[in-house]
Amino acid sequence: MYFLSAESIPSSGVIEVPRYGAASSRGRTAVLCPEGGWVLLDVASLSGRDLELMLSVRAQEWVLRGLVAVDVDWLVGALETVSSGPEPRPLGVEVQDTWYFMSPLHTVPTVVDERFVVAGLYR
């Protein structure tokens, strides 16, 4: 995980974000593990709205804690699963035994390296 907080978001440059994959699940929570390798996130690709959402305090005072890159097909499937049903819920993942709320960084998800999307982890 690329550890990051709202206060430490760089204003420019490129960030190497580690790739993670869903290794297993604990109930409704996917357990993510490093896959090896990185994707490059150009900070300039983030819109003003993207940055506003990254800096905002989410429900229950959750704030940005880090970044991971995940497979776009897995993310789309996971988001469809949690948004369907009578009560949509946030996408939760576990990384190194810690639970996070996960959300794509770009308001219009941007695929990098042909199959990855960078997502923020909030806690």
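For the structure itself, look to the data block above.
Residues numbered from 1 in each chain as written. Predicted model: local features only at pLDDT ≥ 70, side-chain atom pairs only at ≥ 80, totals over all residues. Heavy atoms only, no water.

J.: Kindly report on the overall build of the protein chain, identifying the contributing residues and their values.
T.: Helix and strand content of the protein chain: two helices and eight strands. Against the 2.2 N^0.38 benchmark of 14 Å for 123 residues, the protein chain shows a C-alpha radius of gyration of 14 Å, consistent with a compact globule. The dimensions of the protein chain, computed from C-alpha atoms along their principal axes, are 40 × 30 × 25 Å. Out of the 123 residues in the protein chain, the part that is buried amounts to 41%. Considering only intrachain contacts with a sequence separation of at least 6, the fraction spanning at least 24 residues in the protein chain is 65%. Entry remark: accessible area of the protein chain is about 6,900 Å², with carbon and sulfur atoms responsible for 52%. (Helix = DSSP H or I, 4+ residues; strand = E, 2+ residues; numbered from the N terminus. Rg over C-alpha atoms; globule rule 2.2 N^0.38 Å. Buried < 20%, exposed > 50% of the residue type's maximum accessible area, 1.4 Å probe, protein only. Contact = heavy atoms within 4.5 Å. Areas by Shrake-Rupley, 256 points an atom, 1.4 Å probe, with all protein chains shown as cover.)

J.: Just give me the short version of helix α2 (residues 72–83), but keep the residues and values in it.
T.: If you check α2, its first and last C-alpha atoms are 16 Å apart, about what twelve residues at 1.5 Å a residue would give, namely 16 Å. The elements touched by buried residues of α2 are β4 (64–71), β5 (91–95), β6 (98–104), β7 (111–112) and β8 (116–122). The opening residue of α2, the one whose side-chain oxygen lies 2.9 Å from the backbone nitrogen of D73, is D71. The first or second residue beyond α2 is G85, which carries a positive phi of 95 degrees. (Expected span 1.5 Å × (residues − 1). Polar contact = N/O pair within 3.5 Å; in protein donor to acceptor, adjacent residues only side chain to side chain.)

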